[in-house]
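Secondary and tertiary structure notes
Single-letter residue listing:
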Amino acid sequence: MAVAASIEIPPARVLEMQDLAAVLPKGVRVYLPELGTDNNETFVAAACALRAIGAEPVPHLAARRIASHAALEARVARLASEAGVTDVLVLAGSPPSPEGPFADSMKILETGVLDRHGITHIGVAGHPEGSPHFTDEVVQNAMRWKADFAMRSDAEMRIVTQFGFDVAGMVRWSEEIAASGITLPVHLGFAGPTKLRAMLRYARSCGVGPSMQVLTSRGNALLRLFAGYAPEPLVRELETALARMKTGNIAQIHLYPFGGSERTANWLRARGSWPEISA
Ligand SMILES: NC(=O)C1=CN([C@@H]2O[C@H](COP(=O)(O)OP(=O)(O)OC[C@H]3O[C@@H](n4cnc5c(N)ncnc54)[C@H](O)[C@@H]3O)[C@@H](O)[C@H]2O)C=CC1
Ligand SMILES: Nc1nc(=O)c2c([nH]1)NC[C@@H]1CN(c3ccc(C(=O)N[C@@H](CCC(=O)O)C(=O)O)cc3)CN21
């Protein structure tokens, strides 16, 4: 069976899209990344547009980009009250040093602000292949902290991973965290079908490194130089693995289209990852 999928589309792009309802099915989670370029107005408008077609807006809250407690409160309050947002993804965010009082996702979670505004679902980041920005120990401690927070919190939490290309590694990592007692569902990140050049540029800027070797070793199937990058073989490989897995923590996949939102959406629909979820 086709694995279910969510998608990530920058808020400004959501507002530009001509016929959202034709591109996105009801019930699908649409993450709104914080790229440091969109203000509250744009985030709220994009979340409202998604809500209006029956999709589930999931704005990112990037800790390092939030200037103050008041700014955090204002963003969450508006998203919740004006767009009915109940689901967010809390991340460190890209800046190497914080712009305000929040250095990491934990600092946001512990404010209680999400709870106060009726956020019932929270995603946090997972890093199956580590990151050049921090050590494995740092990321493991963070994962443990997030799992402990999930036990204290009323919100339903999940792990959303950075995109990668090494499916065997992602599956192994998911099994390892389950074995270590972290029972949160995992949504595995993949780059959507897009221009090769765009995908490579983002992989570089997002610090996706080790699993890039899979791309070169798998050659033609993934990297069709003229057609671009196609994730279908990786997602097929995941579906085969899922059918055999004992731990059931891999709940779905999350797509990063990097400029190819419609293309990613059309591919997900065509492959059966987007059955229409009735309201
Ligand atoms: N959908 C998306 O946009 C995704 C983005 N990411 C990115 O992965 C990075 C890590 O984020 P999280 O796992 O949410 O971290 P986090 O906020 O959960 O923090 C975990 C630990 O890593 C440290 N840390 C995080 N970023 C750091 C950096 N740039 N330099 C040094 N230490 C750092 C924190 O201080 C903390 O100890 C962020 O840049 C985030 O934006 C990861 C997954 C998905
Ligand atoms: N460490 C890290 N930092 C990040 O900023 C980051 C990650 N990881 N992981 C993935 C997410 C998703 N990111 C992005 C980055 C750019 C666009 C973006 O600007 N898209 C435009 C232009 C695309 C193009 O290059 O053509 C769009 O219109 O979709 C979307 C998502 C950045 N993200």
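Everything in this summary refers to the structure shown in the same document. Not measured: the values here are computed from a predicted model. Counting restarts for each chain, with residues numbered from 1 along the sequence as it is written. Just so you know, chain letters begin at A and ligand numbers begin at 1, following the order they were written in. For this predicted model, a pLDDT threshold of at least 70 governs which residues receive local features, and a threshold of 80 or more governs which side-chain atom pairs are given and counted, while totals over whole chains, interfaces and linings are taken from all residues. Hydrogens and water molecules were not included; the side-chain quantities draw on all heavy atoms of the structure.

Bringing the site of ligand 1 into the picture now. Residue proximity to a molecule or strand is established when one non-hydrogen atom of the residue lies within 4 Å of it. The environment of ligand 1 is made up of 20 residues, and the closest members are A92, D104, S105, H127 and K146. Polar contact is defined as a pair of N or O atoms within 3.5 Å, subject to the rule that within protein one atom must be able to donate a hydrogen and the other to accept it, and that residues adjacent in sequence are counted only when both atoms are side-chain atoms. One of the side-chain N or O atoms of Y256 is found 3.2 Å from a nitrogen atom in ligand 1. Each helix is a run of H or I in the DSSP string that is no shorter than four residues. Each strand is a run of E no shorter than two, and both are numbered from the N terminus. Broken down by secondary-structure element, the contributors of at least two residues to the shell around ligand 1 are β4 (87–91), α5 (105–109) and α7 (136–152). Considering every element that reaches the shell around ligand 1, the biggest residue donor is α7, with 3 residues. Of the residues in the shell around ligand 1, the class split is 9 nonpolar, 7 polar and 4 charged. When residue character is reported, Ala, Val, Leu, Ile, Met, Phe, Trp, Tyr, Cys and Pro are called nonpolar, Asp, Glu, Lys and Arg charged, and the others, Gly included, polar.

Our next topic: the pattern of salt bridges. Only one rule defines a salt bridge in this text: a Lys or Arg side-chain nitrogen within 4 Å of an Asp or Glu carboxyl oxygen. A complete count under the given rule lists 13 salt bridges for this structure. For D104, the salt bridge is made with K107, and the minimal N-O distance between the two is 4.0 Å. Think of it in three bands: with a 1.4 Å probe and only protein chains considered, a residue is buried below 20% of the maximum accessible area for its type, exposed above 50%, and partly exposed in between. Residue classification places K107 among the partly exposed residues on the basis of a relative accessible area of 34%. Its salt-bridge partner being E232, residue R271 comes within 2.7 Å of it at the nearest N-O pair. Of this pair, R271 sits in helix α12 (residues 261–271) while E232 sits in helix α11 (residues 232–244); the two residues are 39 residues apart in sequence, bridging distant segments of the chain. In this structure E232 comes out as buried when scored by relative accessible area, which is 17%.

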